[in-house]
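The lines below spell out each chain.
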Amino acid sequence: MYSCRTAIRIWSVGRLCTYPRRKYSPHLSRGLHPHLIMATAFASTSSDSQRKQNRLALEKSPYLLQHASNPVDWFPWGEEAFKKAREENKMIFLSVGYSTCHWCHVMERESFENEEIGKIMSDNFVCVKVDREERPDVDKMYMTFIQATSGSGGWPMSVWLTPDLKPIVGGTYFPPDDRYYGRPGFKTILNNLSEQWQMNRDKIMRQGTQIVDAVMQMTQLETPQEDQVRLDSDQCMDTCLQMLCRTYDFTMGGFGKGPKFPQPVNFNFLFRVVASKSPSAEAESAQKMALHTLRMMAKGGIHDHVAQGFHRYSTDINWHVPHFEKMLYDQGQLAHSYLDAYQLSKEEIFADIARDILQYVERDLSDPSGGFYSAEDADSYPNHGDVEKKEGAFCVWTDEEIRQLLGDSVEGQEDVTMADVFCKHFDVKPGGNVDPYKDPHDELKKQNVLIVTGSLEETAQQFNLDLATTTAILEKCKQVLFEVRKKRPKPHLDNKMLTAWNGLMISGFARAGQVLGESKYTDRAIKAASFLKTHMYNAETGMLHRTSYCGEADKVEQSPTPINGFSDDYAFLIRGLLDLYEACYDDQWLSWADQLQDKQDQLFWDLDKGGYFTSGAEDKNILVRIKEVPVVAAASLNFSLGQVLWQSCEYRRAFLRHCPCLLTDYQNI
């Protein structure tokens, strides 16, 4: 049996070029040279194509609609595209991304909006566009292939398939022309693959079969028998803690080097160590790592100090220059983490940051019907009338702007302005505070990303102010800047509503209501849960829908063919409902969670080998059903989902069946 990596190379014969692996991916890096995973290189041709709207104009996904006017004959994922590929015997070009993805925008602008490239794509391939947030099953299946052959992945994901959907070659972002280190561009790759398909079709088809077999073998995880493995939970916890300690940044918090992601699942684990091992050196270490990281994130540029909420990740080790998109799933999980930190430490700063996150979500990511939108984009127009977007334009400031807007003197100190206090506290500099290395496209030149490098006490001391006065000045300054930001061109809003991410946000609001004792948060969680039960749940079948959309006049709409929920939709909603029950003790949420758990078991549990599949068995176009399990193994395995699946399907099931009137021990830490 071929290994997956070997199978990919069967068709090499000098034709397939595998480029040196990089430690970053396009979706993880702003402006670094894009990495190509695999490609083929030959000559290209040119032709023109008349631009018109394509089939994607009929879709509901914001990501697909962004591509509706491309001069490409795009198809959504479905039988219409697959039938065309079979009948015309063409390869499929599969492009997977999401609407707030920076590098997806770059590839669209450079290649998919190019008439010449669009014609090559449409003439030689059946082109399929997928929103990875709508169809995580499609994304995971082919991302497994990409990661297996390269050790990394990212978005946009670009994969060429046989007509029977078997992957042949793929990568992430491709530049349009042969311009990076002699590597072939997207146009060259398209022409070469088209030529190879005509010359070596049978060999390519066989290769596709071997690749799928190899991927299936790689993803089949056998469940050990009880007499083979006995899990020592303490030993497992100690091992995980040691792994985190080895990568912990003692200065800035977080784990590993830049880019740094928030990784709420690490906080979940560390707080469980504290709950289960206190008092001990291990518990003290876990507490310090979690609380210090959360403090440094709150001070950093990854935190939006003016309009609240958290950006996706930091491109550097200091939590300073973020990738500016804001994702709902980050807000939901981080609200939970900061509430846990507050429960453990009783430090008000953690409660304040949780309120900050929830304020942002309620204001900017909430649908009138009760659901939560998915994301805000990183890119926006710097000014009204501009024709080119820039990343972070909505959020950054020049020193000159700050001083014009905050020029009033501090009361009692005529020689000190509010701008002086603000610029000191948030590290605003005349030439900007962004390292040019983190801004290779000069999008942030002379701009400032607000970050607290010192402390409130240091700021107050420099201007001979007391803490209360300093706090009031900074809050007034932030409110002035917020009103100015409201007048700027806003980033694109992905108003798709996903069951899984709404479940995470229900947890965030419900836990806030319980921990902070503020009923408005519990009420918001109830409103969201009611929305999901009304719009995202089929009471006749007991099944969840994956998505709904904000339509005209704020009407909630479904896609023409509703997408059934996936395992994460069930897992995260079950978790949200249990948190909601613990906040309000309304039995209807407990009962619904129990029903959803039974349906999750029915749809996704592997009766033969154990574990939960990501997707159900009804879609025969998903060639490999992937499992995500909570093991310390390959980077492609998603610990977060595995952990929640375990919680909702084992520990939580016992909670449901045997002690519905009690709170979990963890939530009483």
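Before reading on, note that the structure itself is shown above.
All values derive from a computational prediction rather than experimental measurement.

Conventions adopted
Residues numbered from 1 in each chain as written. Predicted model: local features only at pLDDT ≥ 70, side-chain atom pairs only at ≥ 80, totals over all residues. Heavy atoms only, no water. Helix = DSSP H or I, 4+ residues; strand = E, 2+ residues; numbered from the N terminus. Buried < 20%, exposed > 50% of the residue type's maximum accessible area, 1.4 Å probe, protein only. Contact = heavy atoms within 4.5 Å. Areas by Shrake-Rupley, 256 points an atom, 1.4 Å probe, with all protein chains shown as cover. Pairing = 2+ DSSP bridges. Axes fitted to C-alpha atoms, helices over the stretch in contact; angles between N-to-C directions. Expected span 1.5 Å × (residues − 1). 1 Å grid on protein atoms, 1.4 Å probe; cavity = no way out; pocket = protein on both sides within 12 Å on 5 of 7 lines; lining within 4 Å. Points joined across faces, edges and corners; volume = space filled by probe spheres on them. Nonpolar A, V, L, I, M, F, W, Y, C, P; charged D, E, K, R; others polar. Parallel < 35°, antiparallel > 145°, perpendicular 65-115°, else oblique. Left-handed = near helix turned anticlockwise from the far one by under 90°.

### Let's talk about the overall build of the protein chain
Now for step 1: Per the secondary structure count, the protein chain includes 22 helices and 21 strands.
Now for step 2: For the protein chain, the residues scored as buried account for 59% of the 669 residues in total.
Now for step 3: Intrachain contacts of the protein chain at a sequence separation of at least 6 include 68% that bridge at least 24 residues.
Now for step 4: As displayed, the protein chain offers around 27700 Å² of accessible surface, 50% of which is attributable to carbon and sulfur atoms.

### Some points on the sheet that holds strand S7 (residues 167-171)
Now for step 1: One open sheet holds the five strands; their spatial order is S3-S5-S4-S6-S7, and the pairing between them is mixed. Whereas interior strands pair on both sides, the edge strands pair on one side only; in this sheet they are strand S3 (74-76) and S7. For this sheet the average axis-to-axis angle between neighbouring strands, irrespective of direction, equals 25°.
Now for step 2: Bridge analysis of strand S4 (residues 91-97) against strand S5 (residues 125-131) gives seven bridges, and the strand direction is parallel. Paired with Ser95 across the two strands is Lys129, which belongs to S5.
Now for step 3: Set on the sheet, helix H7 (residues 186-199) makes contact with S4, S5, strand S6 (157-161) and S7; between it and S6 the angle comes to about 15°.

### Brief notes about helix H20 (residues 567-584)
Now for step 1: The terminal C-alpha atoms of H20, which comprises 18 residues, lie 26 Å apart, in line with the 26 Å expected from a rise of 1.5 Å per residue.
Now for step 2: Among the 18 residues of H20, 16 are classified as buried, and the element is accordingly described as predominantly covered.
Now for step 3: Looking one or two places after H20, you find Tyr585, whose phi comes out positive at around 60°.

### Remarks on the sheet that holds strand S10 (residues 326-327)
Hydrogen bonds between backbone groups are what pair the strands of a sheet, and the pairing can be parallel or antiparallel.
Now for step 1: With antiparallel pairing, the three strands of this open sheet are ordered in space as S10-S11-S16. Each edge of the open sheet carries a strand with a single partner, namely S10 and strand S16 (493-494).

### Regarding empty space enclosed by the protein
Now for step 1: Applying the stated criterion across every chain, the model contains four cavities of 30 Å³ or more.
Now for step 2: Estimated volume of the largest cavity: approximately 90 Å³.
Now for step 3: In terms of lining residues, the largest cavity is bounded by Gly301, His303, Asp304, His305, Val306, His311, Phe324, Cys395, Val396, Val449, Leu450 and Arg485.
Now for step 4: Of the residues in the lining of the largest cavity, the class split is six nonpolar, four polar and two charged.
Now for step 5: Looking at the second largest cavity, its volume works out to about 60 Å³.
Now for step 6: Breaking the lining of the second largest cavity down by element, the ones donating at least two residues are helix H6 (136-150) and helix H8 (201-219).
Now for step 7: Partitioning the lining of the second largest cavity into residue classes produces ten nonpolar, no polar and no charged.

### Topic: the packing of helix H13 (residues 348-364) against helix H18 (residues 499-516)
Now for step 1: It is at 11 Å that the axes of H13 and H18 come closest, and there the two elements cross at 135°. Considered as vectors, H13 and H18 are oriented oblique to each other. Relative to H18, the crossing made by H13 is left-handed. Counting all contacts with H13, which are made through Ala351, Arg355, Leu358, Val361 and Glu362, the residues of H18 involved are Met505, Gly508, Phe509, Ala512 and Leu516.
Now for step 2: Its residues assigned to classes, the contact of H13 with H18 shows seven nonpolar, one polar and two charged.

### Considering helix H19 (residues 519-535)
Now for step 1: Compared with an ideal rise of 1.5 Å per residue, which puts 17 residues at 24 Å, H19 spans 24 Å between its outermost C-alpha atoms and is within 8% of the ideal.
Now for step 2: Of all the positions in H19, only Tyr521, Thr522, Arg524, Ala525, Ala528, Ala529, Phe531 and Leu532 are classed as buried.

### Points about the environment of Val416
Now for step 1: Tracing the sequence through the fold places Val416 in strand S15 (residues 413-417).
Now for step 2: A relative accessible area of 8% means that Val416 is categorised as buried.
Now for step 3: Separated by 47 residues in the primary sequence, Val416 and Phe463 have C-alpha atoms spaced 7.7 Å apart.

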